[in-house]
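Below, each chain spelled out in residue letters.
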Amino acid sequence: MKRAKKISLGIFLLACMMLAAGCGPQQAMAVNDTEAVPEKPIATEIEDNGEEGEASPTSTSVITETKTSGQDASETDVKSPTPTNLPDSWKDYPPIPNVSERALEIYFSGIEAGNDPHVFSKIGDCQNITTYFLAAFEDPELYSLGDEYAYLQKTIDWYFGSFSRESLAVDGGLNVARVLSPFHADVEVCEPNEHPLACEVRINNPSIALISLEENWSLRESEEYETYMRRILDYLIEEGVLPILATKADNLEGDDSINETIVKLAEEYELPIWNFWAAAQPLPHHGLQNDGFHLTMAGPFFDDDTHLNTGWAMRNLTALQTIDAIHQAVIEAEEN
C-alpha cells in the first residue's frame, strides 16, 4: 500500500510538473519561437573556425570491437571517421551502448584535468527533470532493482548525488540551441554570458553527461539540429566530459531524422549511444501515451513486470544501465 501511494503521488507530481514546464507535443512542435533557433549561433566559447554553423568534428581513430575507423581526410586534414561493420540502421543498435576506446580517452583526459569520477550531468528537456527521471534511485522506498538488476546498485552508490541533482542544463522547452544560449542560463548562479551547458559543467564538474534533447525541433531542419549538437559535443569533449547521446521514443518530426542525426554523430565521434528508441519499441504503444510524446508512467520498480511495461520505468532502467556500462568500462580500463 505504501508503494502504491508513493507511485500515485509521483505520477500526479510528474503530470503537474510537465504541464507547468510546458512539456508536451504542442511545445515540441512549436515553430514560431525564433529564440530557439537564432539566425546566427549565439556567441559561445566554442571554436567554429570562423564559419557559421560549422563546428569542427573531433578527430578519432580507435573504436570498439563493433566499429572500425576509416574515412578520407577532409580538405582541412581533419579526420572524420566513417565507421564500418555497424548495424544497417540506427534502429538496430542495442539500447545499452558499447564503450569505445576513444570514449575512454575522452573520459580519462577529463579525470586527469580534475573532473569528478563520481559525478555525471544531465543535459536535456522535460524528459530529464528530476520529478521522474533517475532521482528515485536516491530514495530506497521509491525504487527496487529486484534480483535481475541488483548489480546496478554499485553504480547507484558510485554516482550517488547526481541522480537527484537539479541540472542547470535541464529545463522544460530546452533544446539544442537554447542550451547554448546565455539567455536561458540561471542568472543566480551562472556567470555573465555563460550558457546553461557551460554553467552546468563549471559548477557540477562531471566526468560524463547524458544528452537527451528532443523538444522544440519537430518542424525544423535536422541539419540545424546537427549544427548545434556538434557544438554541444565539441564543448563537452574539450572539457573532458564524456557525452552519452540518447535517442528518443517519439517521432514527432515524422521521418526519424532527429534520431538518425543523433546516431550519425555518435558514430562519427565514437560516443556511447543510449538507444532509448529501441528499448521503447517492445512496450505497449511503444511506451508512449496517446499524444505520441509523453511516456507512459510508473515508478522504477524493476521487479514488477507491470512497471517495466511503461515508458518511464524503461527510461530509468536503460539510463541506469547505460551509466553502469560506462562505469564498468572505466573499471576494466583501469584494471588493465
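Whatever comes next refers back to the structure up there.
Throughout this document, residue positions are counted from 1 along each chain, in the order its sequence is written. In view of the model being predicted, local features appear only for residues whose pLDDT reaches at least 70, and side-chain atom pairs are presented and counted only at 80 or more, with totals across whole chains, interfaces and linings using the full set of residues. Heavy atoms throughout the structure, all of them, feed into the side-chain values; hydrogens and water do not.

A. Spotlight on the overall build of the protein. Within the protein, the secondary structure is distributed over ten helices and four strands. Each residue gets one of three labels from its accessible area relative to the maximum for its type: buried under 20%, exposed over 50%, partly exposed in between, using a 1.4 Å probe on protein chains only. Here the protein holds 336 residues, and the buried ones make up 56% of them. The long-range fraction of contacts in the protein, counting pairs at least 24 apart against all pairs at least 6 apart in sequence, stands at 76%. Note on areas: Shrake-Rupley, 1.4 Å probe, and residue coverage restricted to the protein chains presented here. Total accessible area on the protein stands at roughly 15,000 Å², and carbon and sulfur atoms take up 49% of it. The way it works is that DSSP assigns letters per residue, a run of H or I at least four long becomes a helix, a run of E at least two long becomes a strand, and they are numbered from the N terminus. In this analysis, two residues are considered to be in contact whenever any of their non-hydrogen atoms come within 4.5 Å of each other.

B. Representation of helix α3 (residues 101-112) in the model. Relative to the 16 Å expected for twelve residues at 1.5 Å per residue, α3 spans 16 Å between its end C-alpha atoms, a close match to the ideal helical length. Every buried residue of α3 is accounted for by R102, A103, L104, I106, Y107 and G110. Those residues of α3 hidden inside the fold are in contact with β2 (208-212), α6 (222-238), β3 (242-246), α7 (257-269) and α10 (311-335). Looking at the residues trailing α3, positive phi occurs at G114, about 110°. Expected span of a helix, by definition, is 1.5 Å for each gap between consecutive residues, and there is one gap fewer than residues.

C. Focus on the pairing of β3. The buried fraction of β3 is high, at five of five residues. Burial of β3 is two-sided: the residues L242, I244 and A246 facing one way and the residues P243 and L245 facing the other way are all buried. Any two strands with at least two DSSP bridges between them are considered paired. Looking at chain direction, β2 and β3 are connected through four bridges and run parallel. For L210, the partnering residue across the bridge sits in β3 and is I244. As paired elements, β3 and strand β4 (residues 273-274) share two bridges and run parallel to each other.

D. Spatial organisation of the packing of α3 against α10. The interhelical angle for the contact between α3 and α10, taken along N-to-C directions, is 80°, at an axis separation of 11 Å. As far as their axial angle goes, α10 and α3 are roughly perpendicular. Residues L104, Y107 and F108 of α3 pack against A329, V330, A333 and E334 of α10. Gly falls in the polar group here, along with every residue not listed as nonpolar (Ala, Val, Leu, Ile, Met, Phe, Trp, Tyr, Cys, Pro) or charged (Asp, Glu, Lys, Arg). For the contact of α3 with α10, the class distribution of residues is six nonpolar, no polar and one charged. For helices, the fitted axis covers only the stretch in contact; all axes are lines through C-alpha atoms, and the angles between them, taken along N-to-C directions, range from 0 to 180 degrees. Between 65 and 115 degrees an angle is taken as roughly perpendicular, under 35 as roughly parallel, over 145 as roughly antiparallel, and anywhere else as oblique.

E. Representation of the state of the cysteines within the structure. Here, the term disulfide refers to a pair of cysteine sulfur atoms separated by no more than 2.5 Å. Scanning the entire structure with this criterion turns up one disulfide. With its sulfur 2.0 Å from that of its partner, C190 forms a disulfide with C199. Residues C190 and C199 are joined through a disulfide that is left-handed, its torsion about the S-S bond being -95°. You'll find C190 and C199 in the same group, each marked buried.

F. Structural context of the packing of aromatic side chains. Pairing of aromatic rings covers Phe, Tyr and Trp, the last counted by its six-membered ring, and requires centre-to-centre distances within 6.5 Å; plane angles under 30 degrees mean stacked, over 60 mean edge-to-face, and any other angle means tilted. Tallied over the full model, the rule gives twelve aromatic pairs. Look at W90 and W277: their rings are 4.8 Å apart centre to centre, the planes differ by 65°, and that puts the pair in the edge-to-face class. Remark: W277 occurs in helix α8 (residues 276-280) and W90 occurs in the loop between α2 (25-28) and α3; sequence separation between them is 187 residues. Relative accessible area serves as the criterion here: at 8%, W90 is assigned to the buried category. For W277, a relative accessible area of 13% translates into the label buried.

G. Region of interest: the environment of E101. Relative to the helices and strands, E101 resides in helix α3. Here E101 falls in the partly exposed class, since its relative accessible area comes to 48%. Spatially, the C-alpha atom of E101 lies 9.5 Å from that of L271, the residues being 170 residues apart in sequence.

H. Representation of the environment of F301 in the model. Within the secondary structure, F301 is located in the loop between α8 and α9 (305-308). You can call F301 buried: its relative accessible area is 3%. Once the C-alpha coordinates of F301 and L317 are considered, the two residues, 16 residues apart in sequence, prove to be 9.2 Å apart.

I. Molecular detail of the environment of D186. Mapped onto the elements of the fold, D186 is located in the loop between α4 (153-158) and α5 (196-204). Taking relative accessible area as the criterion, D186 reaches 32% and is therefore assigned partly exposed. Separated by ten residues in sequence, D186 and P196 have C-alpha atoms that sit 7.2 Å apart. Among the polar contacts made by the side chain of D186, one reaches the main-chain amide nitrogen of E188 at a distance of 2.9 Å. N or O atoms within 3.5 Å of each other form a polar contact, as long as, within protein, one can give a hydrogen and the other can take it, and as long as residues adjacent in sequence are counted only when both atoms are side-chain atoms.

J. Highlighting the side chain of T296. You can see T296 is positioned in the loop between α8 and α9. Excluding anything up to four places from it in sequence, T296 contacts G287, L288, Q289, N309, T310, G311 and W312.

K. Representation of the packing of α5 against α6 within the structure. For the pair α5 and α6, interaxial distance at closest approach is 11 Å and the crossing angle is 20°. Relative to α6, α5 is oriented roughly parallel. When you trace α5 past α6, the crossing you get is right-handed. When α5 is examined against α6, the residues L197, A198 and V201 are found in contact with a partner set consisting of I232, Y235 and L236. Considering only residue class, the contact of α5 with α6 consists of six nonpolar, no polar and no charged. If you view the pair so one helix is near and one far, a crossing is left-handed when the near helix is turned anticlockwise from the far one by less than a right angle, and right-handed when it is turned clockwise.

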